[in-house]
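Coordinate inspection notes
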Amino acid sequence: MASKMTPVSLQQMIKDDRMSMITMSDDNAITKQIHATHAHDGREIDVRPLFQLVEDILNRSTPEVDAIVTTTQTRVETWDDGTQHAGFTAMIDALSHTIDRLSCEIACNSCGGGGDAHATALSIFNMLSSYPWDAKLVLTLAAFALNCGEFWLLAQICSSNQLAKSISILKQVPVLLEHSALLKPRLDAINLLIRAMMDVTNCIIEFKELPPLYITQDVVALSTAMAHIPTAVYWTIRSIVACATQITSLTSRGHEYVISSTNETWEMSTLAHKINSILDHLKKQLFTCHQHIEEKRNFETYQMLRNLFESIHVDNMKILKALIYAKDDMQPLIDGSTNRRVHMDVLRRKNVLLLISDMNISQDELSILEQIYSESRVHGNRMQSQYEVVWIPIVDHSLEWEDPMQTQFENLQATMPWYSVHSPTLIDKAVIRFIKEIWHFRNKPILVVLDPQGKVVSPNALHMMWIWGSNAFPFTSLREEALWKEETWRLELLVDGIDPTILNWVKEGKFIYLYGGTDMEWIRKFTTTAKAVASEARIPVELVYVGKSTKREQVRRCIASITVEKLSHCWEDLAMVWFFWTRLESMLFSKIQLGQADDHDPMMQEIKKLLSYEKEGGWAVLSKGSHTFINGHGTTILPIFLNYEEWKEYVPTKGFEIACMDYHSKVHSDSHPCCRFEFLSTAGRIPEKMKCPECLRNMEKYITFLCCHDDHKIKSLY
């Protein structure tokens, strides 16, 4: 041997101080000795099938003590072991002689009362010098399984098989079973050590099975583990030798000696602790290796996705399979109209709208989207046959998928009439990264539109869908731009699809004042004076309270007060309030998405003003029929009506609208309310800069932490 330390001196160390087993893995002498026996000839063996067979033997050979006593008949079970193929049989033929030699070596040591366990381990290493480390361990474990399995097989079938009964008498098995309760501590200690040995062996095999395409020895976790594996193999083989000795002593020394001896039980427990410590260390390195492999694979998939979307395809199948599920071994979609599983082919060569959200998508959003979806199905067969919606739920893969999450998913899925992914777990981590980085998904729902060839024609069509509904079909960015070119700043743009009563007032040419906020004192003053001025000016007016984009409970209380006091018309259904503000915010984000948020379009400036005004205090939009003539903050709107006496003389000559606008301009020149926009950190696309809709200068950028203390905040759609 290369080491100067002799086996005798090592044996003395072990016998004199049993606690040395805890620290000997760090002993350079042992490390040098086991490395000196290693002369791998380059052969590689797939030991996984053999280990599975050994694992089955040992699992059936380490039952609970009570189970041994109550076993009264032969139990034959079917096991799909995968060992019946020709390759495995050939491997066993080639290795059987080696396994028999190892079994004899272990048995000889056991019959000698344990002898020098270290010397036996080194002898085994010498016998297996040409094998790789994982094969050394699995072959030794297989040899142990032969002896251990034979002993426990007799114990389990001796009551039902005469041959087994006769042999078991020679081996004193009935005596062992008779005193099994007293032997329980020893048997439990042996079983725990055997399970620890199997766990370490499996862990070492897993290192061997790591794909070299994604991980190499230059990864610290792998190199650290590989350096530690020889020591792990040594201590596991040392434990195999000790276990074999203990099992032999159960019959060879008599139950009185076994029951009275506690040192052996302590030795088993100490070795189990040692093996488990080694296992913990290896598992940590293996976990790190798996993380590294997963990151490499995810990056590879991510790059593949990017390349796919940059390529031209004859249909959308490659794209959809890459996003949802690449294999053909299952039906990955649920048809919401029939609640049946379907294949991806139902989406072939169709416009596909990918509804991407987390599990917190609101019922308001789903309700409006379902309404638009259903309308498109009712009106026009051409549209129905050309586009489909697919819900892709995004979940955190680092969290374990549990029953409450599954229930939440199924409840959401049940409300959707369109297609949805069968399970959120189908969506790969790399796909989620792609969706977040390329499509800017955070937590707010987005609707990515793919044409029949799988090309992205809109990164988020929800904005145009909220604004124009099914009229936005085929939901492309080109269609979005075309619709904006047709639009003007008018009342229908703000309330279309929400309240038909207002649209009737528009047709009647009435004055219509939309207003909002949660300051009831301001609301009372505004509604009272506005109606008084209308009465004096003899104009037909209707006031509509549209609430606020946040502070849902405060809005609810305001609606209740306005209704009781009969101050104006209001929307008692808060879903209508939500949709009003969602549409308005979608107008801004549609422009941001198109890169037109800071153009000098007067319509866009008015939309931005209104979004800014509602952040603090009251506001109002004054219209006559379709024409909106004033859009102002509460600090400039209320003085118009409070000071009607100052400008009413111009009404007969200029008309109410012009006179009102002129006075508002005067008030506005003396008062400049701050403009403010708030973007949630979860918004998909936040502009780097914005211009003030009032003065057109670049606005300052702040980071705000906000808590509204509201039970149900109305979720703004970004």
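Cut-offs and rules
- Residues numbered from 1 in each chain as written.
- Predicted model: local features only at pLDDT ≥ 70, side-chain atom pairs only at ≥ 80, totals over all residues.
- Heavy atoms only, no water.
- Helix = DSSP H or I, 4+ residues; strand = E, 2+ residues; numbered from the N terminus.
- Contact = heavy atoms within 4.5 Å.
- Areas by Shrake-Rupley, 256 points an atom, 1.4 Å probe, with all protein chains shown as cover.
- Axes fitted to C-alpha atoms, helices over the stretch in contact; angles between N-to-C directions.
- Left-handed = near helix turned anticlockwise from the far one by under 90°.
- Nonpolar A, V, L, I, M, F, W, Y, C, P; charged D, E, K, R; others polar.
- Buried < 20%, exposed > 50% of the residue type's maximum accessible area, 1.4 Å probe, protein only.
- Pairing = 2+ DSSP bridges.
- Phe/Tyr/Trp six-rings, centres within 6.5 Å; stacked < 30°, edge-to-face > 60°.
- Lys NZ or Arg CZ within 6 Å of the ring centre and 35° of its normal.
- Salt bridge = Lys/Arg side-chain N within 4 Å of Asp/Glu carboxyl O.
- Core = buried A, V, L, I, M, F, W, Y, C linked by side-chain atoms within 4.5 Å.
- Expected span 1.5 Å × (residues − 1).
- Parallel < 35°, antiparallel > 145°, perpendicular 65-115°, else oblique.

Quick look at the overall build of the chain now. What the chain contains, in helices and strands, is 30 helices and 12 strands. Put simply, 74% of the contacts in the chain that link residues at least 6 apart link residues at least 24 apart. Split by element, the accessible area of the chain, about 33600 Å² in all, is 52% carbon and sulfur.

The contact between helix α24 (residues 520-537) and helix α25 (residues 552-565) brings their axes to 11 Å, and the two run at 35°. The handedness of the crossing between α24 and α25 comes out as right-handed. Across the interface between the two elements, Met520, Ile523 and Arg524 of α24 pack against Cys558, Ser561, Ile562 and Glu565 of α25. Per-class residue counts for the contact of α24 with α25 are four nonpolar, one polar and two charged.

Let us look at the pairing of strand β12 (residues 627-633). Counting buried positions over the seven residues of β12 gives six, a clear majority of the element. When strand β11 (residues 619-624) meets β12, the two strands line up antiparallel, connected through six bridges. If you follow Lys624 over to β12, its bridge partner there is His627. Counted along the chain from β11 to the antiparallel partner β12, the turn is two residues long, and its residue Gly625 has a positive phi close to 65°.

Another point: the sheet that holds β12. Pairing is mixed across the open sheet formed by five strands, whose spatial order is β10-β9-β8-β11-β12. Among the strands making up the open sheet, the edge pair consists of β10 (569-570) and β12. Both strand β9 (residues 541-545) and β10 contribute to a ladder of two bridges, which runs parallel. Bridge pairing links Tyr545 to Cys570 in β10. Packing of helix α23 (residues 500-507) onto the sheet brings it into contact with β8 (511-516), β9 and β10, and relative to β8 it is tilted by some 145°.

We now examine the packing of aromatic side chains. Applying the stated criterion across every chain, the model contains 30 aromatic pairs. A centroid spacing of 6.1 Å and a plane angle of 65° characterise the contact between Phe125 and Trp133, whose relative ring orientation is edge-to-face. On the accessibility criterion, Phe125 (0% relative accessible area) is buried. Taken together, a centroid distance of 5.7 Å and an interplanar angle of 85° make the contact between Trp581 and Trp619 edge-to-face. Pair noted here: Trp581 is in helix α26 (residues 574-594) and Trp619 is in strand β11, with a separation of 38 residues, a long-range link. Here the two residues Trp581 and Trp619 agree in accessibility, since each one is buried. For the cation-ring pair, Arg433 lies above Tyr302, with the distance from its terminal atom to the ring centre recorded as 3.9 Å.

For the coordinates displayed, the defined rule picks out 26 salt bridges. Note that Arg348 and Asp345 form a salt bridge whose closest N and O atoms lie 2.8 Å from each other. The exposure class assigned to Arg348 is partly exposed, which follows from its relative accessible area of 33%. What makes Asp345 partly exposed here is its relative accessible area of 46%. Note that Glu388 is salt-bridged to Lys350, the shortest N-O span being 3.3 Å. You can see Glu388 sitting in strand β4 (residues 387-393) and its partner Lys350 sitting in the loop between β2 (340-342) and β3 (351-357), a full 38 residues away along the chain. Within the structure, one salt-bridge network assembled from shared partners comprises Glu44, Asp134 and Lys208.

Another point: the nonpolar core. Ranked by size, the top nonpolar core spans 104 residues in total, and within it Tyr513, Leu514, Phe526 and Phe656 carry the most contacts. Looking at this core, the element that brings in the most residues is α26, giving 12 residues. Those residues in contact with Phe656, other than ones at most four positions away along the chain, are Phe511, Tyr513, Val533, Ala537, Ile539, Tyr644, Trp647 and Val651. One finds Ala121, Ala221, Ile275 and Ile293 within the second-largest nonpolar core, a separate group that totals 78 residues.

With 14 residues, α25 ought to run about 20 Å at 1.5 Å a step, and its terminal C-alpha atoms sit 20 Å apart, in line with that. After α25 finishes, the residue Lys566 shows a positive phi value of roughly 55°.

This brings us to the packing of helix α3 (residues 28-36) against helix α7 (residues 117-127). Helix packing for two helices is described by the angle between their axes and how far apart those axes are. Look at α3 against α7: their axes get within 9 Å of each other, and the N-to-C directions meet at 30°. Between α3 and α7, the angle falls in the class roughly parallel. Of α7, the residues touching α3 (which contributes Ile30, Gln33 and Ile34) are His118, Leu122 and Phe125. Taken together, the residues of the contact of α3 with α7 break down into four nonpolar, two polar and no charged.

This paragraph deals with the sheet that holds strand β1 (residues 333-335). Read across the open sheet, the seven strands follow the order β2-β1-β5-β4-β3-β6-β7; overall the sheet is mixed. Two strands in the sheet have a free side with no partner beyond their single neighbour: β2 and β7 (456-458). Across this sheet, the average inter-strand angle for adjacent strands is 35°, counted without regard to direction. Relative to β7, strand β6 (residues 446-450) runs antiparallel, the two sharing two bridges. Following the sheet pairing, Leu450 is matched in β7 by Val456. Sitting on the sheet, helix α18 (residues 403-414) is in contact with β1, β4 and β5 (419-421), with an inclination near 165° to β4.

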